[in-house]
Protein chains: 4
Amino acid sequence: MYGYAMDKEDLQARLARIAGQVRGLQRMVDEDKYCIDILTQLNASTAALKAVGVGLLDAHVRHCVRQSIERGEGDAEIEELVATVARFVGR
Amino acid sequence: MYGYAMDKEDLQARLARIAGQVRGLQRMVDEDKYCIDILTQLNASTAALKAVGVGLLDAHVRHCVRQSIERGEGDAEIEELVATVARFVGR
Amino acid sequence: MYGYAMDKEDLQARLARIAGQVRGLQRMVDEDKYCIDILTQLNASTAALKAVGVGLLDAHVRHCVRQSIERGEGDAEIEELVATVARFVGR
Amino acid sequence: MYGYAMDKEDLQARLARIAGQVRGLQRMVDEDKYCIDILTQLNASTAALKAVGVGLLDAHVRHCVRQSIERGEGDAEIEELVATVARFVGR
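Remember, it's a predicted structure, so these values are computed and weren't measured experimentally.

Student: I'd like a rundown of the overall build of chain A, residues and numbers included.
Tutor: Assigned secondary structure in chain A consists of three helices and zero strands. Each helix (α) and strand (β) of chain A, taken in turn from the N terminus, gives the series α-α-α. Over its C-alpha atoms chain A spans a radius of gyration of 17 Å, topping by over 25% the 12 Å that the globule rule assigns to 91 residues. With respect to the principal axes defined by its C-alpha atoms, chain A has extents near 55 × 30 × 20 Å. Across chain A, contacts joining residues at least 24 apart in sequence account for 55% of those joining residues at least 6 apart. Summed over its atoms, the accessible surface of chain A is roughly 4000 Å², and 47% of this surface lies on carbon and sulfur atoms. For chain A, the distance from the average position of its 12 positive side-chain charges to the average position of its 14 negative side-chain charges is 3 Å.

Below is the structure:
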């Protein structure tokens, strides 16, 4: 597997780690930790979620989009893919 | 309270909801749901985390940064604030 | 053409508008306009650039990536595409 | 000056460079350059705009927001600041 590829096990491990980070955020707010420290942890969670998103996108293009193009279709899948990237990018 | 202000209870409620969203993501990956649907849910979690971040930033400026400026200080707090926003913005 | 598709003329028109926005930013800084107003204009330029990016991505997937998959290739193009989206998303 | 601070001259120099990058984008589209190369250049322009935004935000907090707090005011400025950061962050 190259850089962005993630298998199901990898995705699950990353999501479990993100779930732990969110519990950490809940604990930090509960204990009135310093805002900037909470924000640093929050940024880490957002970055980790984005990385999972890129991994999902990668799997989606390599399987679903590729297969529908190979079947001579793909227009709807490409349109859906681009719309998803647009929302992901924050347009 | 105005638009972006969040008290501790509000922050906790939002983080609890985000924890639930992440559990939802774990379930969706486990059940091999359609990538695009998982990505939509993931985008919602990222947006919810960002909203909490803005709420924390708001509390931080209204309390910590304001108080240190009122004490005739504030340089270090402003520098730290801007550095945090810079990382948050993804620079 | 659907939502995100842009032809060359459309891309050029959007880039010309962005060039005008950047000149507007230069003028605003020159005239010491209120920071928040400059930031609002700057946000508009960033959003416009992102929209062009999505349009380019759309064209790229519909032509280059599709064609290479149709030729029975596509691995390198998909990897490059995902890496580009990853940088675009700010991971 | 520390990390994110920019004086007017620095802001102008950065905006002039961004204007040049946008002209470069126009030329690349005109010459039908490879989409991914245009996207790489576009990403550089977006990052450069964001950096200018952080510099403007820095100047704004160090001057306008600080001064209004020192005058015993600041509520409206803090609310405006947070709303601007929220839009900047893409919430």
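Student: So what's going on with the relation of the copies chain C and chain D? Which residues, and what values?
Tutor: Turning chain C through 180 degrees and shifting it by 0.0 Å along the axis lays it on chain D, with an RMSD of 0.0 Å. Taken together, the turn and the small shift mark the pair as related by a two-fold rotation axis. The overlap is high: 100% of the interface residues of chain C also sit at the interface in chain D, so the same surface is used on both sides.

Student: Pulling in residues and values, what's your account of the pattern of salt bridges?
Tutor: What the rule picks out here adds up to 28 salt bridges over all chains. With a closest N to O distance of 3.2 Å, D32 of chain C and K8 of chain D form a salt bridge. Residue D32 of chain C is located in the loop between α1 (8-30) and α2 (35-70), and its partner K8 of chain D is located in helix α1 (residues 8-30); the two belong to separate chains. Take D32 of chain C: its relative accessible area is 56%, and that puts it in the exposed class. A salt bridge links E31 of chain D to K33 of chain D, with the nearest nitrogen and oxygen atoms 3.5 Å apart. Accessibility expressed as a relative area gives 41% for K33 of chain D, which makes it partly exposed. Via salt bridges that share partners, R66 and E70 of chain A together with D75 of chain C belong to a single interconnected network.

Student: Let's hear about the packing of helix α2 (residues 35-70) of chain A against helix α3 (residues 75-89) of chain B: which residues, and what values?
Tutor: α3 of chain B packs onto α2 of chain A with a crossing angle of 15 degrees between their chain directions and a minimal axis gap of 10 Å. One finds that α2 of chain A runs roughly parallel with respect to α3 of chain B. Considering the relative orientation of α2 of chain A and α3 of chain B, their crossing is left-handed. For the pair α2 of chain A and α3 of chain B, contact is made by I36, L39, T40, L42 and N43 of chain A and by E80, T84, R87 and F88 of chain B, respectively. Class assignment of the residues belonging to the contact of α2 of chain A with α3 of chain B gives a composition of four nonpolar, three polar and two charged.

Student: With reference to specific residues and values, describe a positive patch on the surface.
Tutor: A cluster of like positive charges, contributed by R23 and R27 of chain A together with R23 and R27 of chain B, occupies part of the molecular surface. Of all the secondary-structure elements, those providing two or more residues to the positive patch are α1 (8-30) of chain A together with α1 (8-30) of chain B. Note on placement: R27 of chain B falls in helix α1. Residue R27 of chain B is classed as partly exposed on the basis of its relative accessible area, which comes to 49%.

Student: How would you explain the packing of α2 of chain A against helix α2 (residues 35-70) of chain B if you had to name every residue and give the values?
Tutor: At a minimum axis separation of 10 Å, α2 of chain A and α2 of chain B run at an interaxial angle of 165 degrees. In this view, α2 of chain A runs roughly antiparallel relative to α2 of chain B, as classed from their interaxial angle. When the axes of α2 of chain A and α2 of chain B are compared, the crossing they make is left-handed. Looking at the contact of α2 of chain A with α2 of chain B residue by residue, the classes come out as 18 nonpolar, eight polar and no charged.

Student: Tell me what's going on with the environment of Y4 of chain A, and back it up with residues and numbers.
Tutor: All names here are of chain A. Within the secondary structure layout, Y4 lies in the segment before α1. Residue class for Y4 comes out partly exposed when judged on its relative accessible area of 21%. Residues Y4 and G55 lie 51 residues apart in sequence; the distance between their C-alpha atoms is 5.4 Å.

Student: Tell me what's going on with the interface of chain B and chain A, and back it up with residues and numbers.
Tutor: Each partner contributes residues to the interface: chain B has 34 residues there, and chain A has 34 residues. Each partner contributes to the roughly 3300 Å² buried at the junction of chain B and chain A, and carbon and sulfur atoms together form 71% of this total. Considering only the side of chain B, the residues that lose the most area to chain A are L39, L49 and L56 of chain B, jointly responsible for 16% of the buried surface there. Counting across the interface, chain B meets chain A through two salt bridges. Where the side of chain B that touches chain A is concerned, the elements lending two or more residues are α1, α2 and α3 of chain B.

Basis of the calculations
Residues numbered from 1 in each chain as written. Chains lettered and ligands numbered in written order. Predicted model: local features only at pLDDT ≥ 70, side-chain atom pairs only at ≥ 80, totals over all residues. Heavy atoms only, no water. Helix = DSSP H or I, 4+ residues; strand = E, 2+ residues; numbered from the N terminus. Rg over C-alpha atoms; globule rule 2.2 N^0.38 Å. Contact = heavy atoms within 4.5 Å. Areas by Shrake-Rupley, 256 points an atom, 1.4 Å probe, with all protein chains shown as cover. Lys, Arg positive; Asp, Glu negative; His and termini not counted. Charge placed at Lys NZ, Arg CZ, Asp CG, Glu CD. Least-squares fit on C-alpha atoms with pLDDT ≥ 70 in both. Salt bridge = Lys/Arg side-chain N within 4 Å of Asp/Glu carboxyl O. Buried < 20%, exposed > 50% of the residue type's maximum accessible area, 1.4 Å probe, protein only. Axes fitted to C-alpha atoms, helices over the stretch in contact; angles between N-to-C directions. Parallel < 35°, antiparallel > 145°, perpendicular 65-115°, else oblique. Left-handed = near helix turned anticlockwise from the far one by under 90°. Nonpolar A, V, L, I, M, F, W, Y, C, P; charged D, E, K, R; others polar. Patch = residues over 30% accessible without salt bridge, like charges linked within 9 Å, V, L, I, M, F, W, Y side chains within 5 Å. Buried area = accessible area lost by both parts, 1.4 Å probe.

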